[in-house]
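So you can see what is in the structure, the chains are spelled out below.
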Amino acid sequence: MTASRADTPPGLILFAVSLCTMLYALTTTIVNVVLPQLQGALSATPEQVSWVVTLNVIATAVFTPVTGWITARWGHRAVILWSIIGFSVSSLLCATADSLLPLILYRIGQGAFGAPLVPLSQAIIIAVYPPERRAFAQGIFGMAVVIGPALAPALGGYLAEVYNWRYVFILILPICGATLLASWLWIHDAGERSLARLDWTGFLMFSIAITCAQLMMDRGERLDWWESPEILAYVAIIGAAVWILVIHTMTATQPFFNPRLFLDRNFSIGVLLVFIYGMLNITPTVMIPTMLQNLMGYPDSMIGILLAARGAGMILGFFAVARMGKLDPRIGMIIGIVAIGMSGWNMAQFNLETAPLTVALNGVMQGIGSAIMWVPLSLVAFATLNPRLLPDAAAIFHLLRNFGTSLFVSASVLVVSRTGRIGYAELGENITPFTDVLRFPNLMGSWSVDTVQGLSALASEINRQALMVGYTNSFMLYALVSFAAIPLMLMVKIKP
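Residues numbered from 1 in each chain as written. Predicted model: local features only at pLDDT ≥ 70, side-chain atom pairs only at ≥ 80, totals over all residues. Heavy atoms only, no water.

**Comments concerning the overall build of the chain**
Scanning the chain from N- to C-terminus turns up 21 helices and 0 strands. Across the 496 residues that make up the chain, the buried fraction comes to 56%. A separation threshold of at least 6 residues defines the contact pool for the chain, and within that pool the share at least 24 residues apart is 84%. If you sum the accessible surface of the chain, you get close to 21,400 Å²; carbon and sulfur atoms cover 67% of it. (Helix = DSSP H or I, 4+ residues; strand = E, 2+ residues; numbered from the N terminus. Buried < 20%, exposed > 50% of the residue type's maximum accessible area, 1.4 Å probe, protein only. Contact = heavy atoms within 4.5 Å. Areas by Shrake-Rupley, 256 points an atom, 1.4 Å probe, with all protein chains shown as cover.)

Rendered as structure tokens:
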């Protein structure tokens, strides 16, 4: 099945699917800008407000594998149109939320309805363009996709500062309308549809496992990990669900995950790499805004501009990829992951006095690396697959990308929280009535151990310094994960 009519130019189809993917992609970056404001407006802790991002990604991860089945039953056109409509309604409801719980529920709706858009868009491009033109199409597709996320943080940050956080969701609605119109005009179905039934056992086991894994990561630190019966219950449920899923996949006639996909070497390595890519691509846009506002006092508009620098870097990276088309794709992937890793290493050197220009330049480097890695990774993963397997393969590919994002965001928040508390305890040990610097009130300013106000100010500063240590530790983990992916890239097979 293709998703075009014979008289529809491929360029218009490419434009339509690029809008679809941009629509979903920008919701992640634009919401990250206002996470600190959401924390205050909805009276939430940093861990609680991070669920606005992580549960959205979980919903996407859970519903992404269903893309192949719903597309086979109802066709590209119907799936895309109804996904856009559901996504638009969820975005409107997000703007009306008056507490954290409804906002999280509406964000889950955004993730569920937005889940088919990215894998289906990529499958359409692969189906419409011949192999010799796919690198060009993927490059243009990638450039179009990052324009929205590149501009959205700056505009969203400005609107949030001038008005409030609700306007970042209102901003999405006109784009929803344009995407719906383009998809209605240029995306069409051809060929027969399948009435195959969904493997509900596999789907439910997968959903239970992925949800419990995310809950365990989010709540583990708060509940003291293995000392908590709830965490032990999550582990038991994950183990049972994964066991049932594996056995069922190996014995079912039409399993939820097609095991034949993983017989392809490039695809198997590609999904591991895209899992790591998902870990690295979005995490800084979640961590950087809270660090800049809570520890350094940056306004929303400035945070938006600094995040937009990363989008600008991605645009530059896609221009570079267009000139690297004849190179070994492993070279592009390694260059990209090294640039991402170096950006993580640089972020690990940040301190409370880091200049905005330093943050912006590092974001540009990270964006360039992400773009350079994405195009060859997308091409290599699908290069040797049977075309009939493309919808299912694209769904799994983007599923693991999204799941990597949700897990690593939770892991990074965990590192900040735990090492921040350790740092607070270690720094606090150095502050006693006998500390030499306390003998010089002119140097201490408002900090003092003699008054309640002075002691409170001193504790606040110690906490700020300790959290900064936590953030640098999370960025060091980010860099190490980046460099650890290089050996996998060397295992990619260039020719079938």
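**A look at the side chain of Arg107**
Along the chain, Arg107 falls in helix H6 (residues 100-114). With a relative accessible area of 1%, Arg107 lands in the buried category. A polar contact of 2.7 Å, which involves the side chain of Arg107, links it to the side chain of Gln110. Not counting the four nearest positions on each side in its chain, Arg107 is found in contact with Thr27, Val31, Val52, Val53, Asn56, Cys94 and Phe169. (Polar contact = N/O pair within 3.5 Å; in protein donor to acceptor, adjacent residues only side chain to side chain.)

**Here's the deal with the pattern of salt bridges**
Taken as a whole and assessed by the stated rule, the structure comprises 2 salt bridges. Notably, a salt bridge pairs Asp328 with Arg330, separated by 2.9 Å at the nearest N-O pair. Look at Asp328 and you get partly exposed, because its relative accessible area is 25%. When its relative accessible area of 24% is taken as the criterion, Arg330 is described as partly exposed. In this structure, the salt-bridge partner of Glu461 is Arg464, at a minimum N-O distance of 3.1 Å. (Salt bridge = Lys/Arg side-chain N within 4 Å of Asp/Glu carboxyl O.)

**Considerations on the packing of aromatic side chains**
Applying the stated criterion across every chain yields a total of 17 aromatic pairs. A connected cluster of aromatic rings, assembled from ring pairs, spans Phe262, Phe267, Tyr277, Trp374, Phe382 and Phe397. Its end group placed over the ring of Trp74, Arg73 keeps NZ or CZ at 5.3 Å from the ring centre. (Phe/Tyr/Trp six-rings, centres within 6.5 Å; stacked < 30°, edge-to-face > 60°. Lys NZ or Arg CZ within 6 Å of the ring centre and 35° of its normal.)

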